[in-house]
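Secondary and tertiary structure notes
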Amino acid sequence: KAGVTQTPRYLIKTRGQQVTLSCSPISGHRSVSWYQQTPGQGLQFLFEYFSETQRNKGNFPGRFSGRQFSNSRSEMNVSTLELGDSALYLCASSFGGTENTGELFFGEGSRLTVL
Amino acid sequence: QKEVEQNSGPLSVPEGAIASLNCTYSDRGSQSFFWYRQYSGKSPELIMSIYSNGDKEDGRFTAQLNKASQYVSLLIRDSQPSDSATYLCAVTNTDKLIFGTGTRLQVFP
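Notes on the structure in this doc start here. (Residues numbered from 1 in each chain as written. Chains lettered and ligands numbered in written order. Predicted model: local features only at pLDDT ≥ 70, side-chain atom pairs only at ≥ 80, totals over all residues. Heavy atoms only, no water.)

With that settled, the discussion passes to the nonpolar core. Of all hydrophobic cores here, the largest spans 24 residues; its most connected members are Trp35, Val72, Leu74, Ile76 and Tyr87 of chain B. Where this core is concerned, the elements lending two or more residues are β3 (19–25), β4 (33–38), β5 (45–50), β7 (61–66), β8 (71–76), β9 (85–93) and β11 (103–108) of chain B. If sequence neighbours within four positions are ignored, isoleucine 76 of chain B has contacts with Ala17, Ile18, Ala19, Leu21, Arg60, Phe61, Asp83, Tyr87 and Leu105 of chain B. Judged by nonpolar contacts, the second largest core, of 21 residues, contains Val19, Leu21, Ile26 and Phe60 of chain A. (Core = buried A, V, L, I, M, F, W, Y, C linked by side-chain atoms within 4.5 Å. Buried < 20%, exposed > 50% of the residue type's maximum accessible area, 1.4 Å probe, protein only. Helix = DSSP H or I, 4+ residues; strand = E, 2+ residues; numbered from the N terminus. Contact = heavy atoms within 4.5 Å.)

This is the structure:
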C-alpha cells in the first residue's frame, strides 16, 4: 500500500514569498499532522487535521496555516517567508479517531530553503 | 524546561553490546510513549510504543516506562551497525505528539 506522499520534495524561495506544501496520507488514514524539523530544534509540531478540521495546533505564528480536504489530503502554507523558516517539513498520517494515538507514518518531507 | 528531553549523544557502542537510550518528560498527565528511529536523510519511523509502567519487548528492542519518575528508556540488545541512527522519544501531551530532539546512536564493528 502506498505511503505518505509529500510534494514538492525540494524548493527554494526568497524572503517575503509564500509557499504551499502538499501531503497525501496513507489510504484510509484520516488524520494528518505537520512537523517542522531543524538541526537545532528537532521535530516541532505545527498542527493536526482530522476530518477537515484543525484538531490541534502548535506554537507557530499565524504565517503558518493549513487545511485538509474531504479526501484527507492536506496542504500547509507559509506566508511572508523568513530565513528561519528554512527546514524540513514533515507530514505524518494516522488513522485518527477520537484522539491522536501517536502512531504516525511519516512522508519523506519537503525541504524548504529560504534565501 | 523542555517537554521531552533526551541526551543528544552521540552514544557509541560496540557491535553486540546493549545500547541504552533515555528520555524524560515534564507532563505527568502524558499517557502514551513512543520511540521513533530516524536514519540520516530519512524520515522517522515508529519502532516501539508503550502505554503502561514496566517493560515491553519486541525482538531486540525493549521499551521501559516509569511514570512516577517520568522516565522512558529504550534498550537495544545485540546492537548492529545497522542500528546506527537517531532515536526520537515522543510523548502525547494534551492530544499532541511531542518529540525530543533525539539521541544519535553509533554502533561500531
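Back to the text.
As a further point, take the sheet that holds strand β1 (residues 4–5) of chain B. All names here are of chain B. Taken together, five strands build an open sheet; the order of strands is β1-β3-β8-β7-β6 and the sheet is antiparallel. Only two strands of the sheet have a single partner each, and these edge strands are β1 and β6 (54–58). With five bridges connecting them, β6 and β7 associate as antiparallel partners. Note on β7: the bridge partner recorded for glutamate 57 is threonine 62. (Pairing = 2+ DSSP bridges.)

This paragraph deals with the side chain of serine 110 of chain A. Residue and element names in this part refer to chain A. By the element assignment, serine 110 lies in strand β11 (residues 110–114). For serine 110, the side chain forms a polar contact with the main-chain oxygen of proline 8, separated by 2.6 Å. With near-sequence residues (within four places) excluded, serine 110 lies in contact with Gln6, Thr7, Pro8, Arg9, Leu21, Ala87, Leu88 and Tyr89. (Polar contact = N/O pair within 3.5 Å; in protein donor to acceptor, adjacent residues only side chain to side chain.)

Our focus in this paragraph is the sheet that holds strand β8 (residues 74–78) of chain A. Residue and element names in this part refer to chain A. Read across the open sheet, the four strands follow the order β1-β3-β8-β7; overall the sheet is antiparallel. Each having just a single partner strand, β1 (5–7) and β7 (64–68) make up the two edges of the open sheet. Strand-to-strand, the axes of this sheet are offset by a mean angle of 15°, without reference to chain direction. In the sheet, β7 pairs with β8 via five bridges, with the strands oriented antiparallel. The residue of β8 that forms the bridge with serine 65 is asparagine 77. (Axes fitted to C-alpha atoms, helices over the stretch in contact; angles between N-to-C directions.)

Another point: the interface of chain A and chain B. Between chain A and chain B, the residue contacts involve 20 residues of the former and 17 residues of the latter. Between chain A and chain B, a total of about 1,400 Å² is buried, with carbon and sulfur atoms accounting for 51% of that surface. Linking chain A with chain B are zero salt bridges, by the criterion used here. For the pair chain A and chain B, the interface holds six residue pairs in polar contact (both at pLDDT 80 or more). Secondary structure elements with two or more residues in the side of chain A that touches chain B: β4 (31–38), β5 (42–50) and β6 (53–57) of chain A. Here the side of chain A that touches chain B gets four residues from one element, more than from any other, and that element is β5 of chain A. Per-class residue counts for the side of chain A that touches chain B are six nonpolar, eight polar and six charged. (Buried area = accessible area lost by both parts, 1.4 Å probe. Salt bridge = Lys/Arg side-chain N within 4 Å of Asp/Glu carboxyl O. Nonpolar A, V, L, I, M, F, W, Y, C, P; charged D, E, K, R; others polar.)

Right, let's get into the state of the cysteines. Inspection of every chain in the model, using the stated rule, returns two disulfides over all chains. Residue pairing for cysteine 23 of chain A: its cysteine sulfur links by disulfide to cysteine 91 of chain A, the two sulfurs lying 1.7 Å apart. Measuring handedness by torsion sign, the sulfur bridge of cysteine 23 of chain A and cysteine 91 of chain A sits at about -55° and is left-handed. A residue pair is termed long-range when its members are at least 10 positions apart, and cysteine 23 of chain A in strand β3 (residues 19–24) and cysteine 91 of chain A in strand β9 (residues 87–94) qualify at 68 residues. Each member of the pair, cysteine 23 of chain A together with cysteine 91 of chain A, is buried. Bridging cysteine 23 of chain B to cysteine 89 of chain B, the disulfide has an S-S length of 2.1 Å. (Disulfide = S-S within 2.5 Å.)

Another aspect to go through is the layout of surface pockets. Its volume calculated, the largest pocket comes out at about 630 Å³. Forming the walls of the largest pocket are 31 residues, and the residues nearest its centre are Gln37 of chain A together with Gln38, Ser40, Gly41 and Thr86 of chain B. No other element matches the four residues that β11 of chain B contributes to the lining of the largest pocket. Classifying every residue of the lining of the largest pocket gives nine nonpolar, 16 polar and six charged. When its volume is computed, the second largest pocket comes out at roughly 390 Å³. Forming the boundary of the second largest pocket are 18 residues, of which Leu43 and Gln44 of chain A together with Glu3, Ile98 and Phe99 of chain B lie nearest the centre. Counting only elements with at least two residues in the lining of the second largest pocket, the list comes to β5 of chain A together with β10 (96–99) of chain B. Its residues placed into classes, the lining of the second largest pocket shows eight nonpolar, seven polar and three charged. (1 Å grid on protein atoms, 1.4 Å probe; cavity = no way out; pocket = protein on both sides within 12 Å on 5 of 7 lines; lining within 4 Å. Points joined across faces, edges and corners; volume = space filled by probe spheres on them.)

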